[in-house]
Amino acid sequence: MTASVTEIHIPPAPERIDWMSTPDELDEWLNNTPGEPLALDTEFERTTTFYPVPGLVQLGLGERFCLVDPDIAEQSSRFREILADPSVTKLLYAMSEDLELFRDWLGISPKGVIDLQVGVALAGAGFSVGYARQVEALFGEELDKSVTRSDWISRPLSDAQQRYAIDDIRFLAPMYQWVTVRLRERKLEAALAEESQRFADELAGQDDPDQYYLRIRGGWALTMQQQVVLKKLVAWREQTSRQLDRPRGRVLADPLLISIAERLPKNLNELADIQGVPSGAVRRYGEELLALIKEGVSADTAGHQPIMPPLTRDQQAAFKDLKKLFRRAAELADIPVELLAPRKRVEKVMQDQTLADSAFFQGWRAEVLAPVINDIEGYLKS
């Protein structure tokens, strides 16, 4: 690798795995090395539940690493403070599921987070690269992935699981050091913190049940009245899934909600006649669903935000032309265009016919797009 990589010190794998046995012990451990970035990762299960079930927290400060059971982390006042403290840098890799866990488990939306998967992309080392692959590419170390999908809830954890868990954080600080050097050279050093926190804030705002219907892309073909019904059905499904702690699809899957909103059944028999709707769901939720349908049918559609439809053939051609301009800026900066301008964001620009009103394309993105901004605005107005 480059000289900057070979000069970076990689902390050795510890001979003994340290576990924090009490909240006070964890508080003391966290206070022992102030000012250093905190390497952070979690393991959890989420197969039969709506909410993720925490299994393990991994922490690293310098060359010190420890594993923490969820009940110990939950009771640690210092751990909670650090998660919420924007002045303490937290290093994660592909952090979206970790942030969801902290939100749902601890009720905390972490601040001061750095997503190093975003960092390596900004540094020109690839988009959406997995952690183990990135470690091998940067530092030449191959990680054992044999226990990735193992049981992280049961105790005791095997030695292989504990070693795997430590490896998941052992390379974060060296990776951050490498990324920082590269981004400084590219004048993008501030972009990593900005993009990481933007993503974290956006994720925290996606918890609104009333807005989840906008993700049901298949509902775009419904009429506005049917979409209002779908919105009510989806919000109900969100609340019910949370109350029962069951995955959304095990309450009612997206295609079934769309079918119900399209057919607008007036009684239980008509609801039961919709193909795919389980008889158990009709018995358990039927009256609730019919009441929501009745409300939606009589509701005012004024002000309803419609689900964005797919691009037409003409729009797809225009999208390709517009994406070429974004790609030109991405290539000039050696940044993946998928990070600079994701498809849904470019589609929204086409819909708005301007970049000026888009908060997404401000900050570091505005600087990267500066060489082509006039071309983009000119194309949108043509």
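Quick caveat: nothing in here was measured; it's all calculated off a predicted structure.

Scoring rules and cut-offs
- Each chain has its residues counted from 1, following the order in which its sequence is written.
- In keeping with the model being predicted, local features are shown solely for residues with a pLDDT of at least 70 and side-chain atom pairs are shown and tallied solely at 80 or more, while totals for entire chains, interfaces and linings include all residues.
- By convention in this description, side-chain values take in all heavy atoms of the structure and omit both hydrogens and water.
- Here the rule is simple: two strands pair whenever DSSP picks up at least two bridges between them.
- Strands here are runs of E lasting at least two residues and helices are runs of H or I lasting at least four, both read from the DSSP assignment and numbered beginning at the N terminus.
- Here, residues are in contact when the closest pair of their heavy atoms is within 4.5 Å.
- The angle between two axes is taken between their N-to-C directions and runs from 0 to 180 degrees, where each axis is a line fitted to C-alpha atoms and a helix contributes only its stretch in contact.
- Take the buried Ala, Val, Leu, Ile, Met, Phe, Trp, Tyr and Cys residues and link them wherever side-chain atoms come within 4.5 Å; each set so joined is a nonpolar core.
- Throughout, exposure labels follow a simple rule: accessible area from a 1.4 Å probe, protein chains only, divided by the maximum for the residue type, with under 20% read as buried, over 50% as exposed, and the rest as partly exposed.
- Only four residue types enter the charge count, namely Lys and Arg as positive and Asp and Glu as negative; His and the chain termini do not.
- Throughout this description, the term salt bridge denotes a Lys or Arg side-chain nitrogen within 4 Å of a carboxyl oxygen of Asp or Glu.
- Note on terminology: angles under 35 degrees are roughly parallel, angles over 145 are roughly antiparallel, angles of 65 to 115 are roughly perpendicular, and the others are oblique.
- Should the near helix be turned anticlockwise from the far one by less than a right angle, the crossing is termed left-handed; should it be turned clockwise, right-handed.
- Note on residue classes: Ala, Val, Leu, Ile, Met, Phe, Trp, Tyr, Cys and Pro are nonpolar, Asp, Glu, Lys and Arg are charged, and everything else, Gly too, is polar.
- Within 6.5 Å between ring centres, the rings of Phe, Tyr and Trp (the latter by its six-membered ring) count as paired, and their orientation is classed by plane angle as stacked under 30 degrees, edge-to-face over 60, tilted in between.

Caption draft 1: Structural view of the sheet that holds strand S4 (residues 64–68). Reading across from one edge, S1-S4-S3-S2-S5-S6 is the order of the six strands in this open sheet, with mixed pairing throughout. A single partner strand is all that each edge strand has here, and the edge strands are strand S1 (19–20) and strand S6 (113–115). Where strand S3 (residues 53–61) lies against S4, five bridges are found, and the strand directions are antiparallel. What sits directly across from Val57, in S4, is Val68. Relative to the sheet, helix H5 (residues 96–106) contacts strand S2 (38–45), S3, strand S5 (90–92) and S6, its axis offset from that of S2 by approximately 75°. In the packing of helix H9 (residues 172–185) onto the sheet, contacts are made with S2, S5 and S6, and the angle to S5 comes to roughly 95°.

Caption draft 2: The arrangement of the nonpolar core in detail. Formed by 64 residues in total, the largest nonpolar core has its most connected members in Leu122, Met175, Leu322, Phe326, Trp364, Leu369 and Ile376. With six residues, the single largest contributor to this core is helix H16 (residues 313–333). Ranked by size, the runner-up nonpolar core spans 28 residues in total, among them Val68, Phe79, Leu83 and Leu203.

Caption draft 3: Summary view of the side chain of Asp27. In this structure, Asp27 sits in helix H2 (residues 23–31). Despite being buried, Asp27 has no salt bridge partner; Arg78 is the closest side chain of opposite charge, sitting 6.9 Å away. Residues within four places of Asp27 in sequence aside, it is in contact with Ser76, Ser77, Arg78 and Phe79.

Caption draft 4: Seen up close, the pattern of salt bridges. The tally for this structure, following the rule as stated, stands at 27 salt bridges. Glu81 is the partner of Arg78 in a salt bridge, and the nearest nitrogen-oxygen pair spans 3.2 Å. Separated by three residues within a single helix, Arg78 and Glu81 lie in helix H4 (residues 77–84), roughly one turn from each other. The class of Arg78 is partly exposed, set by a relative accessible area of 22%. For Glu81, a relative accessible area of 45% corresponds to the partly exposed category.

Caption draft 5: Here's a closer look at the packing of H5 against helix H10 (residues 189–204). One way to put it is that H5 packs onto H10 with a least axis distance of 10 Å and a crossing angle of 45°. Relative to H10, H5 is oriented oblique. When the axes of H5 and H10 are compared, the crossing they make is right-handed. On the side of H5, the interface is formed by Ser96, Leu99, Glu100 and Arg103, while H10 contributes Phe199, Ala200 and Leu203. Looking at the contact of H5 with H10, its residues break down into four nonpolar, one polar and two charged.

Caption draft 6: Fine view of the packing of aromatic side chains. Under the counting rule described, the total for this entry stands at nine aromatic pairs. Centroid distance Tyr93 to Tyr131: 5.4 Å. Interplanar angle 65°. Geometry classified as edge-to-face. Separated by 38 residues along the polypeptide, Tyr93 in the loop between S5 and H5 and Tyr131 in helix H7 (residues 131–139) bring together distant segments of the chain. Ring plane angle 90° and centroid distance 5.0 Å describe the contact between Phe360 and Phe361, whose orientation is recorded as edge-to-face.

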